[in-house]
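This is what each chain is made of:
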Amino acid sequence: MHRRIYLDYNATTPLLPEVLEAMRPFLGDRFGNASSVHWEGQVAKQAVDEAREAVAALLGVEPREVVFTSGGTEADNLAVQGIARQYARRGRHILVSAIEHPAVLEAAKALRHEGFRVELIPVTADGVVDLDRFQEMLRPDTVLVSVMAANNETGVIQPVEAIGGLCREREIFFHVDAVQAIGKLSVEPRRWGCDLLSLSAHKIYGPKGVGALYVRQGVDLTPILYGGFQERGRRSGTENVPGIVGLGVACRYVAERGVAEAERLAKLRDHLEGELRQAFPDVWIHGQRVPRVPNTSMFSFPGADGEALMIRLDLEGFAVSTGSACSSGRLEPSHVLQAMGVPPEVVQGSLRVSLGRDTTWDDLAALLRALRQVRAV
Ligand SMILES: Cc1ncc(COP(=O)(O)O)c(C=O)c1O
């Protein structure tokens, strides 16, 4: 196979070599169950504790406020459903943004069967949650608000600090899905005023199938999994020790390298977009007027078929995505672009390029060449 150029880091990232090395013993002779009292168990427990400290340090929170989960999806489900069920007596009104990942949107919508009223907060044409509309939608019985820190498709950064302030004044629980923000901007649950925050290892060069939920001390959750009371009863099930170790090392990497890497990626992304505008005068670059995470560019060629473009690029050796990668395999148009009021023929022609630590200037030059070719036919 000819050389592949991977430009889909928002879908997933390769493991860092040091993450793989740290995980390896826990897939081998350090196989103990972290809940066992004997030596083997204690070796595993210590590794889990260290990882918990690394996650907590990255977020600036206490280790006991970190609950390990099977990924971002479970963290989102646990936050949304766990709070709604625990505090239903306070109210049954839930607000989530229209551009949330399906892990939040669907978890919230499923609560409609339990008598909750779930409403979607609209976004502006730039893809930012509309704060005025948000304030109008708040009600005395609003129990939970969930808004992501950065959108997975457009990369647009959301006003989570302002939303956190408004929730706090009204004693409404606030959950932030920070899966696409970690490693790309400084994630600070305390400053943002959120009660819960989700993250996932595989978006930050860690393994798939592991993530964490920050739960502010004093906040209770009704579990979604019942069993052996692991994670202080908030998430039963034998801990995924190798995965958790990998998440811990990935968090340390982000803490050390995150900002410098973000600056490099911002330059690369801005260069790509400048070249795109020159080469394709009709291109739409979504969210270009507002702050975005540095690695993400979503753009459309009006009237084009994004799916076909993506497949042509794949054949040329490039991995990019159309719409949400997390829901790829489904051909539905992006709910994010639709919520931004982007016309259907523009939504249809969208591509998402997301950069990462191995992306080079040469990669982008090659992508631009390939785009010119595939757009020329
Ligand atoms: C914003 C966002 N939330 C949640 C998820 C789900 O995380 P996971 O793949 O770990 O289940 C993703 C991506 O998959 C995402 O981009």
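Residue positions within a chain follow its written sequence, with the count starting from 1. Totals for whole chains, interfaces and linings use every residue, but because this is a predicted model, local features are given only for residues with pLDDT of at least 70 and side-chain atom pairs only at 80 or more, for both listing and counting. Hydrogen atoms and water are omitted, and side-chain values are computed over all heavy atoms in the structure.

A.B. asks: Is there a simple way to explain the packing of aromatic side chains in this structure?
C.D. replies: Two numbers describe a pair of aromatic rings. These are the distance of the centres and the angle of the planes. Note on aromatic contacts: the rings of Phe and Tyr and the six-membered ring of Trp form a pair at centre separations within 6.5 Å, being stacked when their planes are under 30 degrees apart, edge-to-face when over 60 apart, and tilted otherwise. Considering all chains together, one arrives at six aromatic pairs under this definition. Centre to centre, the rings of Y205 and Y253 are 5.8 Å apart; their planes meet at 80°, and the pair counts as edge-to-face. Taken as a pair, Y205 in the loop between β7 (196-200) and β8 (211-215) and Y253 in helix α8 (residues 241-279) lie far apart in primary sequence, 48 residues in all. Seen in terms of ring centroids, F299 and F301 are 5.8 Å apart; in terms of plane orientation they differ by 70°. Their pairing is edge-to-face. Three labels apply to residues, based on accessible area from a 1.4 Å probe with only protein chains included: buried if under 20% of the type maximum, exposed if over 50%, partly exposed otherwise in between. Looking at F301, the relative accessible area reads 0%, which means it is buried. Ring pairing ties together the aromatic residues Y6, Y9, Y205 and Y253, which thus form one cluster. Sitting over a ring, as applied to charges here, requires NZ of Lys or CZ of Arg to be within 6 Å of the ring centre and within 35 degrees of the ring normal. Over the aromatic face of F116 sits the side chain of R92, whose NZ or CZ is 4.8 Å from the ring centroid. Counting from the N terminus, the helices are DSSP H or I runs at least four residues long and the strands are E runs at least two residues long.

A.B. asks: I'm lost on the sheet that holds β7 in this one. Help?
C.D. replies: Strand pairing within a sheet occurs via backbone hydrogen bonds; the two strands may be parallel or antiparallel. Should DSSP find at least two bridges between two strands, the strands are taken to pair. In space, the seven strands of this open sheet follow the order β2-β8-β7-β6-β5-β3-β4, with mixed pairing throughout. Strands with a single pairing partner mark the edges of an open sheet, and in this sheet they are β2 (66-69) and β4 (117-121). The sheet shows a mean angle of 20° between the axes of neighbouring strands, direction not considered. By the bridge criterion, four bridges tie β2 to β8 in an arrangement that is antiparallel. Counted as the bridge partner of V66 is Y214 from β8. The criterion used for residue contact is that any of the two residues' heavy atoms lie within 4.5 Å. Axes here refer to lines fitted to C-alpha atoms; in helices the fit is confined to the stretch in contact. Angles between the N-to-C directions go from 0 to 180 degrees. On top of the sheet, helix α2 (residues 39-59) reaches β2, β7 and β8; it is set at about 115° to β2, its chief contact. Contacts from helix α3 (residues 72-86) reach β2, β3 (93-97), β5 (142-146), β6 (173-177), β7 and β8 within the one sheet, and its direction differs from that of β7 by about 160°.

A.B. asks: Sorry if this is basic, but what is going on with the packing of α3 against helix α4 (residues 102-110) here?
C.D. replies: Packed helices, taken two at a time, are described by their axes: the angle between them and the distance between them. Across the interface, α3 lies against α4 with an axial gap of 9 Å and an inter-helix angle of 35°. In this structure, the crossing between α3 and α4 has a hand that is right-handed. Listed contacts from α4 to T73, D76, N77, V80 and Q81 of α3 are A103, V104, A107, A108 and A110. We call a crossing left-handed when the near helix sits turned anticlockwise from the far one by less than a right angle, and right-handed when that turn is clockwise.

A.B. asks: Is there a simple way to explain the sheet that holds strand β10 (residues 296-300) in this structure?
C.D. replies: Strand order across the open sheet formed by three strands is β9-β10-β12, with antiparallel pairing between neighbours. Strands with a single pairing partner mark the edges of an open sheet, and in this sheet they are β9 (284-285) and β12 (350-354). Seen against the sheet, α8 touches β9, β10 and β12 and runs at an angle of roughly 15° to β10.

A.B. asks: Explain the state of the cysteines here, please?
C.D. replies: Disulfide: a covalent bond connecting the sulfur atoms of a pair of cysteines. The disulfide criterion is simple: two cysteine sulfur atoms within 2.5 Å. Under the defined criterion, the tally for this structure stands at zero disulfides. Looking at the unpaired C194, the closest cysteine sulfur is the one in C167, lying at 9.9 Å. Residue C194 is classed as buried on the basis of its relative accessible area of 1%.

A.B. asks: Can you help me understand the packing of helix α9 (residues 306-315) against helix α12 (residues 361-376) in this one?
C.D. replies: Closest axis-to-axis distance for the α9/α12 pair is 10 Å, and the angle between their directions is 125°. What the angle tells us is that α9 and α12 run oblique. Crossing handedness for the pair α9 and α12: right-handed. For the pair formed by α9 and α12, the contact residues are L309, R312 and L313 on the first element and L367, A370, L371, V374 and R375 on the second. The nonpolar class holds Ala, Val, Leu, Ile, Met, Phe, Trp, Tyr, Cys and Pro. Asp, Glu, Lys and Arg form the charged class, and all remaining residues, Gly among them, are polar. Residue composition of the contact of α9 with α12, grouped by class: six nonpolar, no polar and two charged. Comment on the angle field: the value is read as roughly parallel under 35 degrees, roughly antiparallel over 145, roughly perpendicular from 65 to 115, and oblique elsewhere.

A.B. asks: Would you mind showing me how to read the nonpolar core here?
C.D. replies: In summary, soluble globular proteins display a tendency toward joint burial of nonpolar side chains. Residues grouped as a nonpolar core are buried Ala, Val, Leu, Ile, Met, Phe, Trp, Tyr and Cys residues, joined through side-chain atoms within 4.5 Å. Counting 68 residues, the largest nonpolar core has V145, L197 and L247 as its most contacted members. Examining the composition of this core, we find that nine residues originate from one element, α8, more than from any other. Segmentation into domains, and thus their bounds, comes from an automatic or database assignment. A domain-level breakdown of this core finds at least three residues from each of domain 1 (5-13 + 258-376) and domain 2 (17-253). Core analysis: the second largest hydrophobic core is formed by 27 residues, F301, A304, L364 and L367 among them.

A.B. asks: Even after reading the chapter, I still don't get the pairing of β8, so can you show me in this structure?
C.D. replies: Remark: a regular strand shows side chains that alternate across the two faces of the sheet. Most of β8 sits inside the fold, with five of its five residues counted as buried. Residues G211, L213 and V215 of β8 are buried on one face, and the alternating residues A212 and Y214, pointing to the opposite face, are buried as well.

A.B. asks: What am I meant to see in the side chain of T322 here?
C.D. replies: Position of T322 among the secondary structure elements: in the loop between β11 (318-319) and α10 (335-339). What qualifies as a polar contact is a pair of N or O atoms within 3.5 Å, subject to a donor-acceptor requirement within protein and to the restriction that residues adjacent in sequence count only when both atoms come from side chains. A polar side-chain atom of T322 sits 3.5 Å from a polar atom in the side chain of E307.

A.B. asks: What is the right way to look at the domain arrangement of the chain in this model?
C.D. replies: A common measure of how large an interface is: the accessible area buried when the components associate. Under the domain assignment, the chain is made up of domain 1 (5-13 + 258-376) and domain 2 (17-253). Computed over C-alpha atoms only, the centres of domain 1 and domain 2 are separated by 27 Å. Listed as interface residues are 30 residues of domain 1 and, on the opposing side, 31 residues of domain 2. A combined buried area of about 2,600 Å² lies between domain 1 and domain 2, and 54% of that area is made up of carbon and sulfur atoms. We define a salt bridge as a side-chain nitrogen of Lys or Arg found within 4 Å of a carboxyl oxygen belonging to Asp or Glu. In this structure, the connection of domain 1 to domain 2 is made through one salt bridge. Of the charged contacts, one joins D126 and R289 as a salt bridge, the two residues approaching to 2.8 Å between their closest N and O atoms. Summed over the shared surface of domain 1 and domain 2, the result is 17 residue pairs in polar contact (both at pLDDT 80 or more). In terms of residue count, the dominant contributor to the side of domain 1 that touches domain 2 is α10 (four residues). Summed over both partners, the accessible area lost on bringing two parts together, with a 1.4 Å probe, is the buried area.

A.B. asks: Can you walk me through unusual backbone geometry in this structure?
C.D. replies: Residues other than glycine predominantly adopt negative phi, and peptide bonds predominantly adopt the trans conformation. Phi angles above zero are rare outside glycine, and F229 is one such case at about 65°. Relative to the helices and strands, F229 resides in the loop between β8 and α8. Here the phi dihedral of E231 falls at roughly 55°; this positive angle occurs in a residue that is not glycine. Its place among the elements puts E231 in the loop between β8 and α8. You can call E231 buried: its relative accessible area is 8%.

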